[in-house]
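Architecture at a glance
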Amino acid sequence: MTHLPNVISVPVPQGLRPRCCEATCRVVSNTPVNGEYRLLTLEAPTEVLDCQPGQFFQLLCPAPLGEQPFLRRPMSIYGYDKAAGRLEFLYKVTGAGTRGLATLDAGDAFNVLGPLGQGFSMPDAWQHLMLVARGVGLATLAPLARMAQEKGRKMTAICSARRPELAMSVALFESYGAEVVVVHDQDGSSTPEALRPFIEARIEAGQVNAFYTCGSSRLLRLLQDLGARHDIPGEIAMEQQMACGLGMCQACVRSFRVGERVIQRRVCREGPVFSISEAM
Ligand code: FES
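In this report, we go over the structure that sits alongside the text. Predicted, not measured: the structure shown is a model, and the values here were computed from it.

Turning to the overall build of the protein chain, a few remarks are in order. Counting its regular elements, the protein chain contains five helices and 16 strands. Radius of gyration (C-alpha) of the protein chain: 18 Å, near the 19 Å computed for a compact globule of 280 residues. Considering only contacts within the protein chain whose residues lie at least 6 apart along the sequence, 64% involve residues at least 24 apart. Of the accessible surface of the protein chain, which amounts to about 12,600 Å², a share of 50% is contributed by carbon and sulfur atoms. The average position of the 28 basic charges and that of the 27 acidic charges among the side chains of the protein chain differ by 4 Å.

To describe a pair of aromatic rings, you give the distance between the ring centres and the angle between the ring planes. All told, the structure shown has four aromatic pairs when counted by the stated rule. Measuring from centroid to centroid gives 5.7 Å for Phe57 and Phe89, while their planes differ by 80°, and the two rings are edge-to-face. Of this pair, Phe57 sits in strand E4 (residues 56-59) while Phe89 is found in strand E7 (residues 86-92), placing the two residues 32 residues apart along the sequence. Phe89 carries the same exposure label as Phe57, and that label is buried. An aromatic cluster of three or more residues is present, and its members are Phe120, Trp126 and Tyr212. Against the face of Phe256 rests Arg265, its NZ or CZ located 5.4 Å from the ring centre.

Let's shift gears to the state of the cysteines. Counted under the stated rule, the structure contains zero disulfides. Free cysteine: Cys21, not disulfide-bonded; nearest cysteine sulfur from Cys20 at 6.7 Å. Under the relative-accessibility criterion, Cys21 is labelled buried at 1%. There is no disulfide at Cys25, and the cysteine sulfur nearest it, in Cys51, is 10 Å away. Relative accessible area serves as the criterion here: at 1%, Cys25 is assigned to the buried category.

Turning our eyes to something else, we now look at the nonpolar core. Within the largest apolar cluster, 33 residues are counted, with the highest numbers of intra-cluster contacts made by Met130, Ile158, Leu195, Ile199, Phe211, Ile236 and Met238. Of all the secondary-structure elements, those providing two or more residues to this core are strand E8 (109-116), strand E9 (128-134), strand E11 (179-184), helix H4 (192-204) and helix H5 (217-230). The element best represented in this core is H5, accounting for five residues. Setting aside residues up to four positions removed in sequence, Ile199 forms contacts with Met130, Ile158, Phe211, Leu222, Leu223 and Leu226. Ranked by size, the runner-up nonpolar core spans 27 residues in total, among them Met155, Ala161, Val180 and Tyr212.

For the rest of this paragraph, the subject is the sheet that holds E11. Taken together, six strands build an open sheet; the order of strands is E11-E10-E9-E12-E13-E16 and the sheet is mixed. Only two strands of the sheet have a single neighbouring strand rather than two, namely E11 and strand E16 (273-275). Direction aside, the axes of adjacent strands within the sheet are offset by 20° on average. Relative to strand E13 (residues 234-237), strand E12 (residues 210-214) is paired through three bridges, and the arrangement is parallel. Note that in E13 the partner of Phe211 across the bridge is Gly234. Strands in contact with helix H2 (residues 137-150) are E9, strand E10 (154-161), E12 and E13; relative to E9, the strand with the most contacts, it is inclined by about 165°.

Parameters and conventions
- The residue count restarts for each chain, going from 1 along the sequence in the order it is written.
- Only residues with pLDDT of at least 70 are given local features in this predicted model, and only at 80 or more are side-chain atom pairs given and counted; all residues enter the totals for whole chains, interfaces and linings.
- Only hydrogens and water are removed before side-chain values are computed, so all heavy atoms of the structure are retained for them.
- Starting at the N terminus, helices and strands are each numbered in turn, a helix being any DSSP run of H or I of at least four residues and a strand any DSSP run of E of at least two.
- With C-alpha atoms as the basis for the radius of gyration, the globule rule is written as 2.2 Å multiplied by the number of residues raised to the power 0.38.
- Should any heavy atoms of two residues lie within 4.5 Å, those residues are considered in contact.
- Here the Shrake-Rupley method, with its probe set to 1.4 Å, supplies the accessible areas, and only the displayed protein chains count as covering residues.
- Positive residues here are Lys and Arg, negative ones are Asp and Glu, while His and the chain termini are left out of the count.
- Taken as the charge location is NZ of Lys, CZ of Arg, CG of Asp or CD of Glu.
- In summary, the pairing rule links any two rings of Phe, Tyr or Trp, Trp by its six-membered ring, whose centres are within 6.5 Å, and it sorts them by plane angle into stacked for under 30 degrees, edge-to-face for over 60 and tilted for everything else.
- Accessible area is worked out with a 1.4 Å probe on protein chains only. A residue is then buried under 20% of its type maximum, exposed over 50%, and partly exposed in between.
- Only when the NZ atom of a Lys or the CZ atom of an Arg is both within 6 Å of the ring centre and within 35 degrees of the ring normal do we say a charge sits over the ring.
- For the purposes of this analysis, a disulfide is any pair of cysteine sulfur atoms at a distance within 2.5 Å.
- Nine residue types can take part in a nonpolar core, namely buried Ala, Val, Leu, Ile, Met, Phe, Trp, Tyr and Cys, and a core is a set of them joined through side-chain atoms within 4.5 Å.
- Pairing between strands is defined by DSSP: at least two bridges between them are needed.
- Whenever a helix is involved, its axis is fitted only over the stretch in contact; in every case the axis is a line through C-alpha atoms, and angles between N-to-C directions fall within 0 to 180 degrees.

Here's what the structure looks like:
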């Protein structure tokens, strides 16, 4: 791998993930994958590739013409491969930061800070997994599916999108051994009302020990209800606007229900992965 300079280790407080780094990566490719999403592939130094599924990076996006994004852009990891020195992000152009991201070309230098936050867990008791995600939330669950395959877990992935052709990562989930079910808005199959009987049938067949989700509050509420009724745990990667991404500014604080109490947590530091039952 080409030598990449400028790797700066950033210490973090005790009890949380031990280290993140600011590093200069090199763009390998930055290409559209469908009408809405683009895949950014970076050549990255090994220091930033000790990642967990569900973690994110703070990206220093280039300024698009006539705009000046002030903050780094948080983005969940789509793929990472320490042996190959590769780091991937799947994104949709929605604002100044991602507009700048779309201007990157192969060979460009690109500054990232991470990996940040707490990723997904996968206890031994969780043998039959159900992944339910929508839109770009599917990108966040992609590395989780790889971890599930490595651990020999059985997996069903429900991929929700506005239109069938926008359901991302279907082939990727299948390559990790998942049974993939695509649901979409055009035929109404993506509504919670339509999904509930499908998921309940799987639960009754003993095929669900745990849920994972990202990308839709309606899906979150459905899984919270099913989880409470059938005593099934799970985790959610929360999407939240951030500023520092390091736990200092409190811009990302959200409320969580823990037992009878409502408490505040920073999504960037205590999350972005939380228990489904505690998310509000
Ligand atoms: Fe600053 Fe979370 S974004 S504390």
